[in-house]
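Residues per chain are reported as follows:
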Amino acid sequence: MKSQPAKSSSWTNVQVYTAIAVVLVLGLLGGYLLHSSGTPQENSAPAPSAASLPASSMPSPAQMLATETQPLLARLQSHPKDVEALIGLGNDYYDASQWNEAIGYYQRALNETPSNPDVRTDMGIAYFYSGDADRALQEFDRALKADPQHVQTLFNVGVVKLNGKNDPKGAIAAWEQLLRIDPEYKDRAKVESLLAEAKAKAK
């Protein structure tokens, strides 16, 4: 299976149900790209587990997304430049695989905090998933200019170069730089596995 961008954020109701729908429909779980800008969402009550809900009463992903985004959209009504709300909406739409909407909210957040490498990286991932690997790499480059040691960006550069641009040497360079910066990187085993794959392709 190809490596893909992955994000590291707390799971909300819409993300849980979206993941369930993806697994049921496609029979697979998505991959590797590292998402950076997850912001905790406040919930008034814990959501029931999927297993405890009858199939007929389980909200659709679209319903869950509407419920999840409603309070954030309400915040933007009175504070249109609320960065936390903008990022939260970007994350919600990202997790619902609605890339254009996610990009729009991430861009609005970046209009207020242009040097935020987490949001810039997440927007790059959304561009990659929407089919624009070149724009993804441009956003990653801008994130690294803001923070040259941003290891999640470097991880994603490698993934996009390998899978989006068929550039295993570029991927190797990004992942080796990541490991130089952070030898104790939390997903080092994954990076080493991807490095081995890229090196095999570069021969």
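Scroll up a little and you will see the structure.
What this report covers is the structure whose coordinates are included nearby. (Residues numbered from 1 in each chain as written. Predicted model: local features only at pLDDT ≥ 70, side-chain atom pairs only at ≥ 80, totals over all residues. Heavy atoms only, no water.)

Topic: the packing of helix 8 (residues 168-181) against helix 9 (residues 188-202)
Each packed pair of helices is defined by two parameters, the angle between the axes and the distance between the axes.
And then number 1: As a packed pair, helix 8 and helix 9 sit with axes 9 Å apart at the nearest point and diverge in direction by 150°. The angle between helix 8 and helix 9 places the two elements in the roughly antiparallel class. Regarding helix 8 and helix 9, the two cross each other, and that crossing is left-handed. Contacts between helix 8 and helix 9 pair Pro168, Lys169, Ala171, Ile172, Trp175, Glu176 and Leu179 from the former with Arg188, Val191, Glu192, Leu194, Leu195, Ala198, Lys199, Lys201 and Ala202 from the latter.
And then number 2: For the contact of helix 8 with helix 9, the per-class residue count stands at 10 nonpolar, no polar and 6 charged. (Axes fitted to C-alpha atoms, helices over the stretch in contact; angles between N-to-C directions. Helix = DSSP H or I, 4+ residues; strand = E, 2+ residues; numbered from the N terminus. Parallel < 35°, antiparallel > 145°, perpendicular 65-115°, else oblique. Left-handed = near helix turned anticlockwise from the far one by under 90°. Contact = heavy atoms within 4.5 Å. Nonpolar A, V, L, I, M, F, W, Y, C, P; charged D, E, K, R; others polar.)

Here's the deal with the nonpolar core
And then number 1: One finds Phe140, Phe155, Val160, Trp175, Leu178, Tyr185 and Val191 to be the most contacted residues of the largest nonpolar core, which totals 48 residues.
And then number 2: Listed by contribution, the elements that provide at least two residues to this core are helix 2 (61-78), helix 3 (83-95), helix 4 (99-112), helix 5 (117-129), helix 6 (133-146), helix 7 (151-163), helix 8 and helix 9.
And then number 3: Not counting the four nearest positions on each side in its chain, Leu178 is found in contact with Val151, Leu154, Phe155 and Tyr185. (Core = buried A, V, L, I, M, F, W, Y, C linked by side-chain atoms within 4.5 Å. Buried < 20%, exposed > 50% of the residue type's maximum accessible area, 1.4 Å probe, protein only.)

Focus on the packing of aromatic side chains
And then number 1: Taken as a whole, this structure holds 7 aromatic pairs when the rule is applied.
And then number 2: Between Phe128 and Tyr129, the ring centres sit 5.8 Å apart and the planes meet at 55°, which makes this aromatic pair tilted.
And then number 3: Relative accessible area serves as the criterion here: at 15%, Phe128 is assigned to the buried category.
And then number 4: When its relative accessible area of 25% is taken as the criterion, Tyr129 is described as partly exposed.
And then number 5: Members of the aromatic cluster, joined through ring pairs, are Tyr94, Trp99, Phe128 and Tyr129. (Phe/Tyr/Trp six-rings, centres within 6.5 Å; stacked < 30°, edge-to-face > 60°.)

Here we look at the pattern of salt bridges
And then number 1: One pass over the structure, following the stated rule, counts 8 salt bridges.
And then number 2: Here Asp82 and Arg75 are joined by a salt bridge, their closest N and O atoms 3.0 Å apart.
And then number 3: On the accessibility criterion, Asp82 (19% relative accessible area) is buried.
And then number 4: We classify Arg75 as partly exposed; its relative accessible area is 29%.
And then number 5: Linked through salt bridges whose partners overlap, the residues forming this network are Arg120, Arg135 and Glu139. (Salt bridge = Lys/Arg side-chain N within 4 Å of Asp/Glu carboxyl O.)

A closer look at unusual backbone geometry
And then number 1: A positive phi is found at Ser97, a non-glycine position, where the angle reads about 60°.
And then number 2: Within the secondary structure, Ser97 sits in the loop between helix 3 and helix 4.
And then number 3: Residues other than glycine seldom take positive phi values, yet Asn166 does so here, at roughly 55°.
And then number 4: Along the chain, Asn166 turns up in the loop between helix 7 and helix 8.

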